[in-house]
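Results of the structural survey
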Amino acid sequence: MTKKKVSLGRVFLYIFAFTFAIFILYPYFVMFVNSFKDLNEIFAIPGTILPKVWHWNNYVDIWYDVPLLTYFKNSFIVGICGTALTIVCAVPAGYAMARMHFPGKRYIMAGIIVTQMFAEIVLLVGIYKIMVFFHLQNTQLGIILLVAAFNQAFAAWMLQGTFATIPKDLEEAAMIDGCNRVNAMVRVILPLAAPGIVTCIIFVFIHAWNEYTLTLVLIGDQALKSINVGIHSFFGYTNTEWWYVFAASLLAILPILAFFQVLDKHLVGGLAAGGVKG
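These numbers come from a predicted model, not from an experiment. (Residues numbered from 1 in each chain as written. Predicted model: local features only at pLDDT ≥ 70, side-chain atom pairs only at ≥ 80, totals over all residues. Heavy atoms only, no water.)

1. Examining helix 7 (residues 140-164)
Selection rule: The numbering of helices and of strands both runs from the N terminus, where a helix is a DSSP run of H or I of at least 4 residues and a strand a run of E of at least 2. To estimate the expected span of a helix, count its residues, drop one, and scale the result by 1.5 Å. In this scheme, the bend at a residue equals the angle between the axes fitted to the seven residues that finish there and the seven that begin there. Each residue is assigned to one of three classes by its accessible area relative to the maximum for its type, calculated with a 1.4 Å probe on protein chains only: buried under 20%, partly exposed between the two thresholds, exposed over 50%.
The end-to-end C-alpha separation of helix 7 is 35 Å, in line with the 36 Å expected for 25 residues at 1.5 Å each. If you look at helix 7, its biggest bend is around 45°, right at Gln152. Helix 7 sits mainly inside the fold: 19 of its 25 residues count as buried.

2. Focus: the nonpolar core
As a rule of thumb, nonpolar side chains are buried together in soluble globular proteins. The following threshold applies: Here, the term nonpolar core denotes a set of buried Ala, Val, Leu, Ile, Met, Phe, Trp, Tyr and Cys residues that are joined through side-chain atoms within 4.5 Å. In this analysis, two residues are considered to be in contact whenever any of their non-hydrogen atoms come within 4.5 Å of each other.
Of all hydrophobic cores here, the largest spans 24 residues; its most connected members are Ile62, Leu68, Ile227 and Phe234. Tallying contributions element by element places helix 13 (residues 242-263) first for this core, with 10 residues. Excluding anything up to four places from it in sequence, Ile227 contacts Leu68, Tyr71, Phe72, Ser75, Trp209 and Ala252. If you look at the next biggest cluster of nonpolar residues, it comprises 16 residues, including Met158, Leu159, Met185 and Cys200.

3. Brief notes about the environment of Gly161
Structurally, Gly161 can be placed in helix 7. Its relative accessible area of 2% is what places Gly161 among the buried residues. Between the C-alpha atom of Gly161 and that of Tyr95, which follows or precedes it by 66 residues, the distance is 9.1 Å.

4. Brief notes about the packing of aromatic side chains
Selection rule: To pair, rings of Phe, Tyr and Trp, with the six-membered ring standing in for Trp, must have centres within 6.5 Å; the planes then decide the type, stacked if under 30 degrees apart, edge-to-face if over 60, and tilted in the middle.
Applying the stated criterion across every chain, the model contains 19 aromatic pairs. Judged by centre distance (4.4 Å) and plane angle (35°), the rings of Phe205 and Phe259 are tilted. Here Phe259 lies in helix 13 and Phe205 lies in helix 10 (residues 194-209), a separation of 54 residues in the sequence. Aromatic ring contacts, followed pair by pair, group Trp63, Phe72, Phe76, Phe205, Trp209 and Phe259 into a single cluster.

5. What about the packing of helix 7 against helix 10?
What counts is decided by this rule: Axis definition: a line fitted to C-alpha atoms, limited for helices to the stretch in contact. Angles are taken between N-to-C directions and run from 0 to 180 degrees. Here the angle decides the label: under 35 degrees means roughly parallel, over 145 means roughly antiparallel, 65 to 115 means roughly perpendicular, and every other value means oblique. Left-handed is the label given to a crossing in which the near helix is rotated counterclockwise from the far helix by less than a right angle, and right-handed is the label when the rotation is clockwise. Classification used: nonpolar for Ala, Val, Leu, Ile, Met, Phe, Trp, Tyr, Cys and Pro, charged for Asp, Glu, Lys and Arg, polar for all others including Gly.
As a packed pair, helix 7 and helix 10 sit with axes 10 Å apart at the nearest point and diverge in direction by 160°. Regarding the angle of helix 7 to helix 10, the classification is roughly antiparallel. Our pair here, helix 7 against helix 10, has a crossing hand that is right-handed. The segment helix 7 lies against helix 10, with Val147, Asn151, Phe154, Ala155, Met158, Leu159 and Thr162 engaging Gly196, Ile197, Thr199, Cys200, Phe203, Val204, His207 and Ala208. Within the contact of helix 7 with helix 10, the residues separate by chemical class into 10 nonpolar, 5 polar and no charged.

6. Overview of the pattern of salt bridges
Between side chains of opposite charge, pairing is possible as soon as their charged atoms come close. Inclusion rule: Whenever Lys or Arg places a side-chain nitrogen within 4 Å of a carboxyl oxygen from Asp or Glu, that contact is recorded as a salt bridge.
Going through the model one piece at a time under the given rule, you end up with 1 salt bridge. Here Glu171 and Arg99 are joined by a salt bridge, their closest N and O atoms 2.7 Å apart. Of the two residues, Glu171 is situated in helix 8 (residues 168-176) and Arg99 in helix 4 (residues 68-99); the sequence distance between them amounts to 72 residues. In this pair, the class of Glu171 matches that of Arg99, namely buried.

7. Thoughts on the side chain of Asn74
As a reminder of what qualifies: Here a polar contact is recorded for every N or O atom pair within 3.5 Å, except that within protein the pair must consist of a potential hydrogen donor and a potential acceptor, and residues adjacent in sequence are included only if both atoms are side-chain atoms.
Along the chain, Asn74 falls in helix 4. Looking at Asn74, its side chain comes within polar contact range of the main-chain oxygen of Lys225, at 2.8 Å. Asn74 has contacts with Gln140, Ala223, Leu224, Lys225 and Ser226, leaving out every residue within four places of it along the chain.

8. Details of the confidence of the model for the chain
A low pLDDT score tells you not to read the predicted coordinates there in detail. The condition is simple: What pLDDT reports is the predictor's confidence in each residue, on a scale of 0 through 100.
Across the chain, pLDDT averages 84, with 92% of residues at or above 70. When the elements of the chain are averaged for pLDDT, helix 14 (residues 267-274) gives the smallest value, 48, and helix 4 the largest, 92. Segment residues 270-278: pLDDT under 50, and 18 contacts once partners within four positions in sequence are set aside and those in other chains are kept.

9. Some points on helix 3 (residues 58-65)
To be explicit about the condition: The directions considered for the arc are those from the helix axis to the C-beta atoms.
Residues Asn58, Tyr59 and Ile62 constitute the buried set of helix 3. Down the axis of helix 3, the sector holding all buried residues measures 100°, keeping them to one side.

10. Remarks on a nonpolar patch on the surface
To keep it simple, the criterion reads: Candidate patch residues must exceed 30% relative accessible area and have no salt bridge, after which like charges are joined if within 9 Å and Val, Leu, Ile, Met, Phe, Trp or Tyr side chains if within 5 Å. Reported accessibility uses the Shrake-Rupley method at a 1.4 Å probe radius. Residues are deemed covered only where the shown protein chains occlude them.
A cluster of nonpolar side chains, contributed by Leu13, Tyr14, Phe16, Phe20, Phe23, Ile24, Leu25 and Tyr28, occupies part of the molecular surface with about 940 Å² of accessible area. Among the structural elements, Phe23 can be located in helix 1 (residues 2-34). When its relative accessible area of 62% is taken as the criterion, Phe23 is described as exposed.

11. Thoughts on unusual backbone geometry
For the bond from Ile45 to Pro46, the omega torsion is -5°, close enough to zero to count as cis. With respect to the helices and strands, Pro46 occurs in the loop between helix 2 (39-42) and helix 3. Phi at His135 takes a positive value of approximately 55°, unusual for a residue other than glycine. Note that His135 resides in the loop between helix 6 (124-133) and helix 7. A residue is classified by how much of its surface remains accessible, and His135, at 63% relative accessible area, is exposed. Even without glycine at this site, Asn138 takes up a positive phi of about 60°. If you trace the backbone, Asn138 turns up in the loop between helix 6 and helix 7.

Put into C-alpha cells, the structure is as follows:
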C-alpha cells in the first residue's frame, strides 16, 4: 500500500512538473514559431500556430536591418565589465560582514537590504542628474557603474552568507603559518567560496544583460545601445515587424542560456552556501 501511495504521488508530481514546464515554456514556443512567419501570417484571421511557410531568412535579415551585432557587443561589454566590477567590490564587502565585528554592523547590513527596495525607475531623475554632472551620460562607463551599483547590495549580502559558512579555523591556521588576513582570504577562503562567487556572477550577469531602463534613458547614441534597447528598432510609427522582434528576442536569450549552461554546476552549491545565515 505504501509503495502504491509513493508511486501515485510521484506520478502526480511528474504531471505537475510537466504541466508547469509547458506553462513556462509556452510563450517562448509562441515567439519561436512566430519568428518564422511573415506579415500576412502574423495578422491572419484565423491564425495558425505553426507557419504555413517557414521564413528562415528572418534570422538573416535582422542582421542587415539594424546593427544587431553592435547591440550584442555593447551588451557583452556592459555585462562583463559590470559583473566584474560588482564582484571585485562585493567580495571584500561580504568578507568584512561575515568575519569582522565593528560598531553599526547590524545597521549597515539592514541598510544594504533596504537599498534593494528602490527600483531604478524611482531614482531615475536623480541618477540622470548625477550622470550629467559627471559627464557620464551617453557612455558605456556610466551604465557599467550603475549596473555595479544596483547589484552591489545583492552580491555583498549573498557573499556574506557564503563566507559565513566557511570555518574560521582554516583562516586562523593559515595566519598561524605566516599568512596575513588578505593572503589567507585569497589563498584559503576564496577557493572554498568559489561556488558562491560563481552563483553571484551568474545572477549579476543576467541582471546586467537584461538592463533596459537605464540604457534607454541615458544612452542616445545608436552605436552604444544594448540589445534590449536595440530591439525597439523594429517598432515603427505605423507598424511593428513582430517576426523580427521575436527572432531578435530569441537570439538575445541565447547568451544567457549558454552562460548559465557553462556555470550551472556551481549554482546549487552556491545557493545553498549563500542561503545560510552567518
